[in-house]
Amino acid sequence: MSRVFNFSAGPAALPEEVLIQVRDEMLDWQGSGMSVMEMSHRGKEFMSIAAQAEADLRELLAIPDNYKVLFLQGGASAQFAMIPLNILGQRKTADYVVTGSWGKKAIKEAGKYCEARQAARPESFTDIPDPDTWQRDSQAGYLHYTPNETIEGVEFHFVPDTGEVPLVADFSSTFMSRPIEVSRFGLIYAGAQKNVGPAGLTLVIVRDDLLDRARADTPMAFNLAEQAAADSMLNTPPCFSWYVAGLVFQWLKRKGGLAAMAECNEHKAGLLYNAIDASAFYANPVNPECRSWMNVPFTLADAELDAVFLKEAATAGLSTLKGHRSVGGMRASI
Ligand code: PMP
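*Asks:* I tried to follow the packing of aromatic side chains on my own but got confused; where do I start?
*Replies:* Aromatic rings in a pair are described by how distant their centres are and how their planes are angled relative to each other. The final tally for this structure, using the stated rule, is 13 aromatic pairs. On the basis of an interplanar angle of 55° and a centroid distance of 5.3 Å, the ring pair of Phe156 and Phe158 is categorised as tilted. For Phe156, a relative accessible area of 5% translates into the label buried. Residue classification places Phe158 among the partly exposed positions, given a relative accessible area of 35%. With 5.4 Å between their ring centres and 55° between their planes, Phe240 and Tyr243 make a pair best called tilted.

*Asks:* Explain the packing of helix 1 (residues 16-25) against helix 6 (residues 239-254) to me, please; I cannot follow it from the model alone.
*Replies:* When two helices pack together, their arrangement is given by the angle between their axes and by how far apart the axes lie. Look at helix 1 against helix 6: their axes get within 10 Å of each other, and the N-to-C directions meet at 135°. With respect to each other, helix 1 and helix 6 are oriented oblique. With respect to the hand of their crossing, helix 1 and helix 6 are arranged in right-handed fashion. Along its contact with helix 1, which presents Glu17, Val18, Gln21, Val22 and Glu25, the element helix 6 presents Phe240, Tyr243, Val244, Leu247, Val248, Trp251 and Arg254.

*Asks:* Would you explain the side chain of His41 in this entry?
*Replies:* Its place among the elements puts His41 in the loop between helix 1 and helix 2 (44-61). Owing to a relative accessible area of 14%, His41 belongs among the buried residues under this scheme. Leaving out residues up to four positions away in the same chain, His41 has contacts with Phe46, Met47, Met233, Asn235, Thr236, Pro237 and Cys239.

*Asks:* Mind showing me how you'd approach the packing of helix 3 (residues 75-87) against helix 4 (residues 101-110) here?
*Replies:* Running from N to C, helix 3 and helix 4 point in directions that differ by 45°, and their axes come no closer than 8 Å. Judged on the interaxial angle alone, helix 4 and helix 3 are oblique. Note that helix 3 runs across helix 4; the crossing there is right-handed. Here Phe80, Ala81 and Pro84 of helix 3 come into contact with helix 4, specifically with Trp102, Lys105, Ala106, Glu109 and Ala110.

*Asks:* What exactly am I supposed to notice about unusual backbone geometry here?
*Replies:* Peptide bonds are trans in most cases, and residues, glycine excluded, mostly fall at negative phi. Cis geometry marks the peptide bond from Gly10 to Pro11; its omega dihedral reads -5°. With respect to the helices and strands, Pro11 occurs in the loop between strand 1 (5-6) and helix 1. Unusually for a residue other than glycine, Ser232 sits at a positive phi of about 65°. Relative to the elements of secondary structure, Ser232 occurs in the loop between helix 5 (224-229) and helix 6. Judged by relative accessible area, Ser232 falls into the buried class, the value being 2%.

*Asks:* Where do I start with the site of the ligand in this structure?
*Replies:* Surrounding the ligand, one finds Gly75, Ala76, Ser77, Phe80, Trp102, Thr146, Asn148, Thr150, Asp170, Ser172, Gln193 and Lys194. Between an oxygen atom of the ligand and a side-chain N or O atom of Gln193, the distance comes to 3.0 Å. In the complex, 85% of the free accessible area of the ligand, which totals 400 Å², lies under the protein chains. Judged by its atoms lying within 2 Å of the grid points, the ligand is housed in the second largest pocket. Ranked by residues supplied to the shell around the ligand, first place goes to helix 3 with four residues. A breakdown of the residues in the shell around the ligand according to their chemical character gives three nonpolar, seven polar and two charged.

*Asks:* Sorry if this is basic, but what is going on with the sheet that holds strand 8 (residues 167-170) here?
*Replies:* Consider a sheet: its strands pair through backbone hydrogen bonds, and that pairing is either parallel or antiparallel. Pairing is mixed in the open sheet, where seven strands are placed in the order 2-10-9-8-5-3-4. Of all the strands in the sheet, just strand 2 (67-72) and strand 4 (115-120) have a single pairing partner and so form its edges. Strand-to-strand twist across the sheet, computed as the mean angle between neighbouring axes with direction ignored, equals 20°. Where helix 2 meets the sheet, its contacts fall on strand 2 and strand 10 (202-207), and the angle it forms with strand 2 comes to roughly 130°.

*Asks:* What is the right way to look at helix 6 in this model?
*Replies:* An ideal rise of 1.5 Å per residue puts 22 Å on 16 residues; helix 6 measures up with 23 Å between its terminal C-alpha atoms. Of all 16 residues in helix 6, 12 are buried, a share of seventy percent or more. Those residues of helix 6 that sit buried are Cys239, Ser241, Trp242, Tyr243, Val244, Ala245, Gly246, Leu247, Val248, Phe249, Trp251 and Leu252. Structurally, helix 6 contributes buried residues whose contacts are with helix 1, helix 2, strand 2 and helix 7 (257-277). Positive backbone phi, at 105°, marks Gly256, one or two positions downstream of helix 6.

About the cut-offs
Residues numbered from 1 in each chain as written. Predicted model: local features only at pLDDT ≥ 70, side-chain atom pairs only at ≥ 80, totals over all residues. Heavy atoms only, no water. Phe/Tyr/Trp six-rings, centres within 6.5 Å; stacked < 30°, edge-to-face > 60°. Buried < 20%, exposed > 50% of the residue type's maximum accessible area, 1.4 Å probe, protein only. Axes fitted to C-alpha atoms, helices over the stretch in contact; angles between N-to-C directions. Helix = DSSP H or I, 4+ residues; strand = E, 2+ residues; numbered from the N terminus. Parallel < 35°, antiparallel > 145°, perpendicular 65-115°, else oblique. Left-handed = near helix turned anticlockwise from the far one by under 90°. Contact = heavy atoms within 4.5 Å. Near = heavy atom within 4 Å. Polar contact = N/O pair within 3.5 Å; in protein donor to acceptor, adjacent residues only side chain to side chain. Areas by Shrake-Rupley, 256 points an atom, 1.4 Å probe, with all protein chains shown as cover. 1 Å grid on protein atoms, 1.4 Å probe; cavity = no way out; pocket = protein on both sides within 12 Å on 5 of 7 lines; lining within 4 Å. Sits in = over half its atoms within 2 Å of the grid points. Nonpolar A, V, L, I, M, F, W, Y, C, P; charged D, E, K, R; others polar. Pairing = 2+ DSSP bridges. Expected span 1.5 Å × (residues − 1).

Below, the structure is given as structure tokens:
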């Protein structure tokens, strides 16, 4: 067996310790005589796996009691629609701060369900506009932003202040990479496949008081309040992904939690950006103030060399360094 250095943005590398545990428990989870894939989601075994994962996630993020944690399906893309359906209530508008490709997708989808206003957008996706310049609507149902833009490698290293307007954030590609002050947010969501486990699971952390305003025609499985009331088991949840995410949460705890992760991630990104900046061959276009700790795009001095670079990188065991097809160049998701 040989494992590569995997720079995939997601589905992405998982801790080897977790993969080994999954392998060891594959046929017989803790004496149950079954794989987690084969268990009833309502049986006592899976209920204990589910509860432990939630408890560990709550501990790692210090999630206050007035927030629900949901383990859903549909990916972050489903949340693009579920958020206006569930959170807008009587309000007519929602504000979007668009700092990259995923923010663009989020506002487009929300536009089907409400007046989705672009409160801010930089000229190019290499910067974050100063929050003092954002054109916000004080009557907006919420303000949505993307703390880390996976494709462009632009990350907020601060939490915007939106006063009374609930703050909604797509944490997909930076979830669990550092502590989050959950009480600053109305709703946090993330697809699991980048930082916490296999695809198929979507984490939603939502403040209680926002769960009373879903549109009447919201599909049942997409209704956050109904899912919360059913402990995310309104229908069959993504059991196996939930279980693996739970093992990652335990691994994060063993590694010292999210403060330790933040230190490690900042250091790791610093090594790479320093190498890029010190070289005349590599370049990263993002304003250093908002460079991502998670996804590092870079270009070569001569784009003609991209194919050679990727081939030789692969030979050296460095896999999946090709940049997203929409921007080209390279990207290391770290
Ligand atoms: N938002 C961000 C920031 C992402 O990186 C991605 C995944 N590439 C998505 C949304 C879409 O996620 P999903 O595939 O889970 O719908």
